[in-house]
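For reference, the chains in residue letters:
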Amino acid sequence: MANVAIAAEAPVRPKHYGSISRDRRWALRWSYFFLVLFAVFFLMPPLYMLLTSLKTSQEISAAANPWWVSNPTLENYAALLTKNDFLVFFRNSALVSICVVTVTMLISVTAAFALARMKFWGSATLATGVFLTYLIPDTLLFIPLFKMFAWVRDATGIELMNHWWTMIILYPTLSVPFATWIMIGYFASIPKELDEAALIDGASWFQTLTKIFIPVAMPGIIAAMIFSFTVSWAQFLYPLAFTTSASELLLPVGIVTTLIKGDVFNWGQIMTGALLGAAPPLIIYAFLMDYYVAGLTAGATKG
Amino acid sequence: MADVAAPSSMSLSGDRRSSLHKLMQRKSTIAFLMALPLILLIFVLVAYPAGYAIYLSTLNKSMTKFVGFGNFEFLFKRATFWDIVFQSCLFAITAVIFKALIGFMVAHFVHNIPSKGQRKWRGMLLVPWVIPPAMSTLAWLWLFDPSYSAFNWIFHQFGLGSISWLGETNWARFSVILVNIWAGAPFFMIMYLAALKSVPEQLYEAASIDGATWWQRIWYVTLPMMRNIIAITALFSTIVTFANFDIVRVLTAGGPLTSTHLFATWAFKIGIESGDIPLGATVSLFMVPILAVGAAFILRDISKRGSES
Amino acid sequence: MGSRKVSRRRFVASTTALSAVAIAAPFVRGAYAAGKLSVGFWDHWVPNANGATEKLIKEWGEKEKVDVQIDFITSQGNKLLLTTAAEAQAKSGHDILAQNTFLPARNAELLVPMNDVMDQLIKDNGKVNATVEYLGKVGGKWLGVPATVGSQIKGPCSRIDLLKKHAGIDIQAMYPAGAEPKADAWTLDAFLKAAEACHKGGNPFGIGLGTTSDNVDTIGAIFHAFGAVMVDAKGDIVIKNDQVRQALDFYKKLMAFLPADVAAWDDASNNKFLVSGQASMIMNPPSAWAVAKRDAPQVAEQCWTHGFPSGPKGRYAPFLPFFWCTWNFSKNQSAAKSLMLYLSQASSAEKMVVASGGYDLPSFEKLTTFKVWAEEGPPKGTLYHYPNPYNHQTLSVAAAPAPHKIAEQIYNQGIQTQMAVRYFKGEPLEKTLDWASGELEGFMRN
């Protein structure tokens, strides 16, 4: 925690703000003060995850200072990263996320274009109806889905239970509505003259979308992609309900169900797994956050 | 088919297009086809199972007999059910208000500092939202642990007593809400930050020239400009918070007694753990009408977006 | 049906030859077509215990030419329960699935009767306790085979030193290793006094009152010790009786000596309380002790697992059995039965018990005297009394003898612990009983 505070203090030192009024400087100081405060609040649990992941199980069990690691060890990391199961979870999660992002974008970009630009009978209702899907919680849906899977099996012989790829079918219900909504907003912000001109030049609707709209809307698309990725990486209930075998689990469920056994929690490894599980989205955000903010700015604030 | 295919390359000139082709070329048909995957997705994987859940809610416990609204009548008579309604509302409303407040404040502070440092701060403050909630809630569970609580350890250093974070009704509710705020506030921050950036700088300058105070600038310039995004983010978050499952499930499993159960966790308890699936479905369904009120607002907001575009 | 009869006769003929193959063969015949079997077992927390089960299954699979896919499913967060519900609803899943306590009864209509297997096993291994029979046999039909893996008695696990220091009780003298218990003085009154003394001494008993199974099992046994019945075997609500009042009064007194947050404890809380060195007693199978052995050896050396205190109506201990069950939509039922027989033989059971460090507890009478319980330590003999070798306590399950569909809800919603907490927090006793009887009425739905 200490180094968070220090890092935060550093930029406070005045640089070239001679022209800024006293007023403004105080506002700046207060801003940093509160930012440090909130950063402590926001970063404490991940920091504690990190600390715990570096401890041996003996040290965790000893009721010593929990905020200090006296015998740092990487054995939890070594144990997880050499365990085949964990790598399988990781692979499954990565594959599911990539496929879900692709599927989400294919569905939501085309649909958003149709809804924002082309209009058809019922398109306005659909544009609002899409958002309403969030009103129906996944806790309500998973039992009916069990039944539907049984029918699918009886009708086609395809078994949907206990397969990681089933999630590629289910997750888009969670990611597509928001992604479509962002894209509708983004497309709506693009001047009408652009597509009119394209159409007059003889471009088809599809060409207008791929050659003009998608390039222009790239920040919005990236924002929607990041959102879909976050959703599919983090989803918990569906994989918990639909997958069981160790070879079919996704990362969050895998960590929770294989590292907690009966009434015994293996805290060091759980925290390590949680941290490793959080790493991919963290890395993606670190690199693509500017796009994310830009995309949201354009997509979400229009209208 | 061949003569249909040939003119399509010079679509604007030919008069003898088949009616099918004409239909395919019509704007609204293309639009409908483009939206078709979305429609199918929603109907097959959301609307249909939701309808099936409604059907389930009209069955008796062993799912052999149609009882109509029997399950609803049964629930209305149970004190525990009304506790759950109250707790869910308390949880969702408190959490969303604080998420919005904290999100707004943090966004404002980040917006205030020189843009060079903003990236770093934004990144740090977004961390809770990025960690999968199932994982981060485990960290909180460990922080709250009755025997090993790292928070209580700090309190002990200052000579204060232990707090049973998850053991006492009010503290347990506080803790559950706190974790939800922690996980959700960054989303508000990022949305508000996006909105703040879109407020034209000239408006603030004009306000300063008029001698507006810091508070007046927020009240008369920032907030009106952000009205839409605040509403949409808050409503989106209300829906998600109301249906929350993971946090309560991991932290308290609804305890002590049933004082932290929400609709989703209680439905799970009844439907899956106690084997009364139709009643569980009925409890889950209850979220929908309550949320529909929120949906009405979204509807209005979104249709406004539609008409302005 | 004809072939089934033949196999039955062959059983009788081969009872003396206990070789697994001889027993298993009749079931497997005709199962070659599928040649595949998937099993979902309870995920054992003891590191090598899953391995022992896996090895036994592989052995069987090689002998019988059956390709077995094994999943170990954790009970934490009700994953195993959710899997059971999912498979029951989707009508697809493992050929053998471990289902605990009330689940076989819930799924009774979907499960293959195991009477043939059970007849054979009872003949070989001795009879099963009444709790297993109540949970596993409905309407004369065995719904599953009581599993060795995961079945457990949740008896008290006490700190020898702390009980001596605070309460003056020598628990090793009461429950001597290798000999019959001399526990006549170990009554609920003595237990309450000890709880008070240990609380005063700063090491309270760690008995949870949340709604998870550890907590419910404990209060269930104490209710039985008072003879407190909430719903009788006919399904009538009889909660307003003096035995229930006595049991609640007892709990009210006891709770004053427990840690403040016990109302929110889950199955892991008591373990942590023991391992952290704060508890003088918890109610748990030896998992907590075993974790202490790894992480806090100085605590483990002082642990002693023993029997429950006796109450006015007897001495009861909670038993949580797992059953191996087969769905009626399973495609390889005969192979499943064959595997269950193989795993339930004395030699297989002993291997599993040893691998689990004495945690797993077979339900059959003749399988409760393996050497491992006498030998595990430190301290040596700490598990001697864990399997209830002298039958001096009656094994029980909370909410029995109510009909299963009602008992299950009492158990899973922790009605008894909720009553205790309400009453302790100051609600008048009659109001608590009113609340509970309202809940019970709600459980009468069918």
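The shown structure was predicted, so the numbers you read here are calculated from the model rather than taken from an experiment.

Here's the deal with the interface of chain B and chain A
Taken together, the contacts link 87 residues of chain B with 88 residues of chain A. By residue number, the principal contributor to the side of chain B that touches chain A is helix α3 (residues 27-56) of chain B, which donates 19 residues.

Some thoughts on the domain arrangement of chain A
Residues and elements named next belong to chain A. Annotation of chain A at the domain level lists domain 1 (2-53) and domain 2 (76-301). Look at where the C-alpha atoms of domain 1 and domain 2 centre, and you get two points 34 Å apart. Opposite the four residues of domain 1 that make contact, domain 2 presents seven residues. Class assignment for the residues of the side of domain 1 that touches domain 2 results in two nonpolar, two polar and no charged.

Considering the pairing of strand β13 (residues 322-325) of chain C
Consecutive side chains of a regular strand alternate in pointing toward one face of the sheet and then the other. Residues and elements named next belong to chain C. Burial along β13 is two-sided: the residues Phe322 and Trp324 and Phe323 and Cys325 are all buried. Looking at chain direction, strand β3 (residues 96-100) and β13 are connected through four bridges and run antiparallel. Bridge assignment links Leu97 to a residue of β13, and that residue is Cys325. Direction of pairing for strand β6 (residues 145-146) relative to β13: antiparallel, over a ladder of two bridges. Each bridged residue has a counterpart across the sheet, and for Pro146 the counterpart in β13 is Phe323.

Focus: the interface of chain A and chain C
Contact with chain A, which involves 26 residues of that partner, is made by 31 residues of chain C. Only α3 (57-61), α7 (138-156), α13 (237-242), α14 (251-259), β1 (260-261) and β2 (264-265) of chain A provide two or more residues apiece to the side of chain A that touches chain C. Ranked by residue count, the leading element in the side of chain A that touches chain C is α7 of chain A, at six residues. For the side of chain A that touches chain C, the residue count by class is 14 nonpolar, seven polar and five charged.

With respect to the packing of helix α20 (residues 415-424) of chain C against helix α21 (residues 429-443) of chain C
All names here are of chain C. The geometry of α20 relative to α21 is characterised by a closest axis approach of 9 Å and an angle of 155 degrees between their N-to-C directions. In terms of axis orientation, α20 runs roughly antiparallel to α21. Classified by chirality, the crossing of α21 by α20 is right-handed. Residues Ile415, Met419, Arg422 and Tyr423 of α20 lie in contact with α21, whose contacting residues are Leu429, Thr432, Trp435, Ala436 and Glu439. Each residue belonging to the contact of α20 with α21 can be placed in one class, and the counts come to six nonpolar, one polar and two charged.

Brief notes about the packing of helix α11 (residues 213-226) of chain C against α20 of chain C
All names here are of chain C. Running from N to C, α11 and α20 point in directions that differ by 80 degrees, and their axes come no closer than 8 Å. Considering their axes alone, α11 and α20 lie roughly perpendicular with respect to each other. Judged by residue contacts, Asn215, Val216, Ile219, Gly220 and Phe223 of α11 engage Gln416, Thr417 and Ala420 from α20. Split by residue class, the contact of α11 with α20 holds four nonpolar, four polar and no charged.

Rules and cut-offs
Residues numbered from 1 in each chain as written. Chains lettered and ligands numbered in written order. Predicted model: local features only at pLDDT ≥ 70, side-chain atom pairs only at ≥ 80, totals over all residues. Contact = placed C-beta atoms within 7 Å. Helix = DSSP H or I, 4+ residues; strand = E, 2+ residues; numbered from the N terminus. Domains from an automatic or database assignment. Nonpolar A, V, L, I, M, F, W, Y, C, P; charged D, E, K, R; others polar. Buried ≥ 20, exposed ≤ 12 C-beta atoms within 10 Å, placed from the backbone. Pairing = 2+ DSSP bridges. Axes fitted to C-alpha atoms, helices over the stretch in contact; angles between N-to-C directions. Parallel < 35°, antiparallel > 145°, perpendicular 65-115°, else oblique. Left-handed = near helix turned anticlockwise from the far one by under 90°.

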